[in-house]
Amino acid sequence: MPKISVEIPEELLTDLDDHVGDGGKFVNRSDAIRASIRKTLDLLDEIDSRHGRIDDE
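Small disclaimer: the values here were computed from a predicted structure and weren't measured. (Residues numbered from 1 in each chain as written. Predicted model: local features only at pLDDT ≥ 70, side-chain atom pairs only at ≥ 80, totals over all residues. Heavy atoms only, no water.)

(A) Up close: the overall build of the protein. Scanning the protein from N- to C-terminus turns up 2 helices and 0 strands. Against the compact-globule benchmark of 10 Å for 57 residues, the protein has a radius of gyration of 15 Å, which places it well outside the compact range. With the C-alpha coordinates aligned to their principal axes, the bounding extent of the protein is approximately 40 × 25 × 25 Å. Put simply, the protein has 57 residues, and 7% of those count as buried. Per element, the accessible surface of the protein, about 5400 Å² overall, is 52% carbon and sulfur. (Helix = DSSP H or I, 4+ residues; strand = E, 2+ residues; numbered from the N terminus. Rg over C-alpha atoms; globule rule 2.2 N^0.38 Å. Buried < 20%, exposed > 50% of the residue type's maximum accessible area, 1.4 Å probe, protein only. Areas by Shrake-Rupley, 256 points an atom, 1.4 Å probe, with all protein chains shown as cover.)

Written out as structure tokens, the structure is:
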């Protein structure tokens, strides 16, 4: 799996960490970030589909 590096404001990282680890929704930061990217891409696909910008095959 490719690795990437991103800069994240401290406030977002703190919020993210509240959902990671024991008792959190995600095992680690990477898992949380991947889930967020997937959800965002799904949302963008829905928007594009509504606007006729996706060819549903």
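(B) Just the environment of Lys25, in detail. Residue position: Lys25 is located in the loop between helix H1 (10-17) and helix H2 (29-50). Given a relative accessible area of 62%, Lys25 falls into the exposed group. Polar side-chain contacts of Lys25 include one of 2.7 Å to the side chain of His19. (Polar contact = N/O pair within 3.5 Å; in protein donor to acceptor, adjacent residues only side chain to side chain.)

(C) Examining H2 more closely. Look at H2: 32 Å from first C-alpha to last across 22 residues, which is about the 32 Å you get at 1.5 Å a residue. Where H2 starts, the residue carrying a side-chain oxygen 3.2 Å from the main-chain nitrogen of Ser30 turns out to be Asn28. Residue Gly52 follows H2 closely and has a positive phi angle near 70 degrees. (Expected span 1.5 Å × (residues − 1).)

All we've got here are geometric facts, nothing functional implied.
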